[in-house]
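Spelled out, the chains give:
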Amino acid sequence: MSVCFIISCHKHYYPVAYTSKSYAIDTARVADSAYVRMLQPYRQRMEEQMQVVIGFTDTLLAKGRPEGALGNFTADAMLQEAKRINPAVAIAVANSGGIRISQLAPGNITLGKVYEWMPYDNALVIVSIPGSVLLQFCGHMAVNGGWPVSGLSYKIKDKQAIDIKVGGLPLKEKEVYVLATNDYLLYGGDNCSFLTSLKSETTNRFIRDILIDEIRNLAKQNKPVHAYIEKRVSYAE
């Protein structure tokens, strides 16, 4: 880090250099008991909230590639929420790396488990995407072994996306589609720089909160979190 001081009316700049020193944190360092006591009520309250049951699943939901039930549920929840905001949304895409658990075991689902599932504060965004760019996006997903999608299907052959369909119809490169995804990808994350220039709107809805709401809504109807493998993404034979 450097700080510049302005000297005289001629505006000469003289940088002042600072050096930094690292301090190792290990078991030899004793925690400050005053801070521990101060934070304990907040920590206890947070732990209690994370243990609250918000729903349940009647089957094991795995992440999986090229397609997984856990990813399908995630993408479906994103698509449903996006459609409430903009009925023109036809597709949802979630990056596989954003899902941070490998599976969701049968039984109760706690709030803390959803935070493990989707720990990042990624927001839902709605994007206008030309068919030619969507084709590129599908190719990118294919190279990475397949990502969760909803309203979209494709096959992977030699790490390329083929037989791409939107709503069951063949993709048209000259058509503009409305896509729901997360802001991490929109801003170029996971090497998706081809999305950054597209027209978009941010919903200010975290993907994690969308999942929580969907799980709670299902629980109110006494329905489990359930999703199926539907060959949305598959390897070409």
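Nothing here was measured: the structure is a model prediction, and the numbers come from that model.

Draft legend 1. Spotlight on the sheet that holds strand β12 (residues 169–170). Strand order across the open sheet formed by four strands is β12-β11-β10-β15, with mixed pairing between neighbours. The two strands at the open ends of the sheet, each matched to only one other strand, are β12 and β15 (233–235). Where strand β10 (residues 152–157) meets strand β11 (residues 160–166), five bridges bridge the pair, whose relative direction is antiparallel. Residue pairing for β11: Leu-152 is matched across the bridge by Val-166. Packing of helix α4 (residues 131–143) onto the sheet brings it into contact with β10 and β11, and relative to β11 it is tilted by some 130°.

Draft legend 2. Local environment of the nonpolar core. Within the largest apolar cluster, 33 residues are counted, with the highest numbers of intra-cluster contacts made by Phe-73, Val-114, Trp-117 and Ile-215. Those elements giving two or more residues to this core turn out to be α2 (69–85), α3 (111–117), β8 (123–130), β13 (176–182) and α6 (207–220). When residues no more than four places from it in sequence are discounted, the contact partners of Ile-215 are Ile-54, Gly-55, Phe-73, Ile-109, Val-114, Trp-117 and Val-225. Counting 29 residues, the second largest nonpolar core, distinct from the first, contains Ile-91, Trp-147, Ile-156 and Ile-164.

Draft legend 3. A look at the pairing of β13. Summarising burial for β13: six of the seven residues are buried, a large majority. The pairing of strand β5 (residues 91–93) with β13 spans two bridges and is classified as parallel. In the strand pairing of β13, Ala-92 is matched with Ala-180. By the bridge criterion, seven bridges tie β8 to β13 in an arrangement that is antiparallel. Bridge pairing in β13 places Ile-126 opposite Ala-180.

About the cut-offs
- Residues numbered from 1 in each chain as written.
- Predicted model: local features only at pLDDT ≥ 70, side-chain atom pairs only at ≥ 80, totals over all residues.
- Heavy atoms only, no water.
- Pairing = 2+ DSSP bridges.
- Helix = DSSP H or I, 4+ residues; strand = E, 2+ residues; numbered from the N terminus.
- Contact = heavy atoms within 4.5 Å.
- Axes fitted to C-alpha atoms, helices over the stretch in contact; angles between N-to-C directions.
- Core = buried A, V, L, I, M, F, W, Y, C linked by side-chain atoms within 4.5 Å.
- Buried < 20%, exposed > 50% of the residue type's maximum accessible area, 1.4 Å probe, protein only.

The quantities given are spatial measurements derived from coordinates; they are silent on function.
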